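Architecture at a glance
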Amino acid sequence: MKPPMVNVFSVDVEDYFHVEAFADVVPRDRWGTYTLRVENNTRRILDLLDEHNVEATFFVLGWVAERVPGLVREIAARGHELACHSYWHRLIYKLTPAEFADDTQRAKDVIEQAAGCQVFGYRAPSYSVTRGSLWALDVLAQSGFTYDSSIFPIRHDVYGIPDAPRGPFRVQTAGGTLTEYPITTFRLGTGPNLPVGGGGYLRLLPFWYTRLGARRAAAEQLPLIAYIHPWEVDPEQPRLQGRARSRLRHYTNLARTYDRLAALLALGQFSSFAKCGLGENAPMVTNLTRETQ
Ligand SMILES: [Zn+2]
């Protein structure tokens, strides 16, 4: 009998006012004036993971690690993997390679200092490793990272490489080999790749969509690379002004997400990136931009 497929669960540890959707109404130099809700919200997720006996990966924003190092220590002490979600939550394709390298190093340093251990994984703000910013993979490997989970093989207005490989793969960079774990997609017939596995897709769409997508992906031997943000389980968060579409995307179904997350964790077996073993036999991809699957 084949062993059950291992999936990965991850949390992007940031607060509600850090998100790209509200970047135009919350300038970064005002982040310090907001009351943090990320600690309590992350603890709710930690408790849920305990209930489901899941060890996960937490991509922490450097800005958060610097302000609440105790939370980073607690995540580590509760048996989870720590990883990096940048320092300032800026879209990579709007940065120069040097700016990206500085931001990444700063974040890695504060997270490692708080956690008391090294981090090896990276996830870009808003999945902003796109065709125009593939150089980021070189910088990550040169900065000591061994894996990245920032490529979303879909068409989207902010992110995505629609024809990137859909399963874990390895890529040769200027800094050595890096393993990439794309966010899960599934297909219906000959249609485009459809996103599944958490965040807004778990929150905004009915749960049958997630269940269907996870099943279809598994039928293609694709693991579910799932993710959530702590603010997505916080219906009480203060409402920010902003564009109508941003408000719709950010505030819909916040009260339902915790239960949906529990249902998602019941769909299969989940682990962290560090422990999943999915990268070990992942194919080497030589020309990422032209690769199709
Ligand atoms: Zn983020």
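Above this text sits the structure in question.
The paragraphs below set out a description of the structure included in this document. Note that the coordinates shown come from a computational prediction; the quantities given were computed from them, not determined experimentally. (Residues numbered from 1 in each chain as written. Predicted model: local features only at pLDDT ≥ 70, side-chain atom pairs only at ≥ 80, totals over all residues. Heavy atoms only, no water.)

Here the focus is a nonpolar patch on the surface. Taken together, the side chains of L188, W208 and L212 make up a nonpolar region of the molecular surface, amounting to roughly 290 Å² of accessible area. The residue L188 is located in the loop between strand 8 (185-186) and strand 9 (194-195) in this model. Note on L188: relative accessible area 40%, which makes it partly exposed. (Patch = residues over 30% accessible without salt bridge, like charges linked within 9 Å, V, L, I, M, F, W, Y side chains within 5 Å. Areas by Shrake-Rupley, 256 points an atom, 1.4 Å probe, with all protein chains shown as cover. Salt bridge = Lys/Arg side-chain N within 4 Å of Asp/Glu carboxyl O. Helix = DSSP H or I, 4+ residues; strand = E, 2+ residues; numbered from the N terminus. Buried < 20%, exposed > 50% of the residue type's maximum accessible area, 1.4 Å probe, protein only.)

Let us now look at the packing of helix 1 (residues 38-51) against helix 3 (residues 69-77). Angle between the axes and distance between the axes: these two values describe a pair of packed helices. Contact geometry for helix 1 and helix 3: axes closest at 11 Å, N-to-C directions at 5 degrees. Judged by the angle between their axes, helix 1 and helix 3 are roughly parallel. Contacts between helix 1 and helix 3 pair V38, E39, T42, R43 and L46 from the former with L71, E74 and I75 from the latter. When grouped by side-chain class, the residues that make up the contact of helix 1 with helix 3 number 4 nonpolar, 1 polar and 3 charged. (Axes fitted to C-alpha atoms, helices over the stretch in contact; angles between N-to-C directions. Parallel < 35°, antiparallel > 145°, perpendicular 65-115°, else oblique. Contact = heavy atoms within 4.5 Å. Nonpolar A, V, L, I, M, F, W, Y, C, P; charged D, E, K, R; others polar.)

Further remarks concern the coordination of the zinc ion. Coordination sphere of the zinc ion, protein contribution only: E14 (OE), H85 (NE2) and H89 (NE2), at 2.0 to 2.1 Å. Sequence spacing of the donor residues for the zinc ion, all on one chain, is E-x70-H-x3-H. We note that H85, like H89, is buried. (Donors = N, O, S within 2.8 Å, 3.2 Å for Na, K, Ca; no water.)

Our focus in this paragraph is the packing of aromatic side chains. On inspection of all chains with the given rule, the structure shows 22 aromatic pairs. An angle of 35 degrees between the planes, with centres 5.2 Å apart, marks the rings of Y147 and F273 as tilted. Here the residue Y147 occupies a position in strand 5 (residues 147-148), and F273 occupies one in helix 10 (residues 273-276), the gap between them amounting to 126 residues. Geometrically, the ring pair formed by Y181 and F273 is tilted, given 4.8 Å between the ring centres and 50 degrees between the ring planes. (Phe/Tyr/Trp six-rings, centres within 6.5 Å; stacked < 30°, edge-to-face > 60°.)

A separate point is unusual backbone geometry. The backbone phi angle of Y127 is positive, close to 50 degrees, even though this residue is not glycine. Taking the relative accessible area as the measure of exposure, Y127 reaches 4% and is therefore buried. At N253, a residue that is not glycine, the phi angle is positive and equals roughly 65 degrees. Structurally, N253 is set in the loop between helix 8 (244-251) and helix 9 (257-265).

This part covers the environment of E39. Mapped onto the fold, E39 is located in helix 1. In the structure, E39 is positioned 195 residues away from D234 in sequence and 11 Å away in space, judged by C-alpha atoms. With residues near it in sequence (within four places) discarded, E39 still touches V68 and L71.

With that settled, the discussion passes to the pairing of strand 10 (residues 225-228). Side chains I225 and Y227 project from strand 10 onto one buried face, and the interleaved A226 and I228 project onto a second face that is buried too. Bridge count for strand 1 (residues 6-13) against strand 10 is 4 bridges, and the pairing is parallel. Directly across from V8, in strand 10, lies its bridge partner I225. (Pairing = 2+ DSSP bridges.)

The quantities given are spatial measurements derived from coordinates; they are silent on function.
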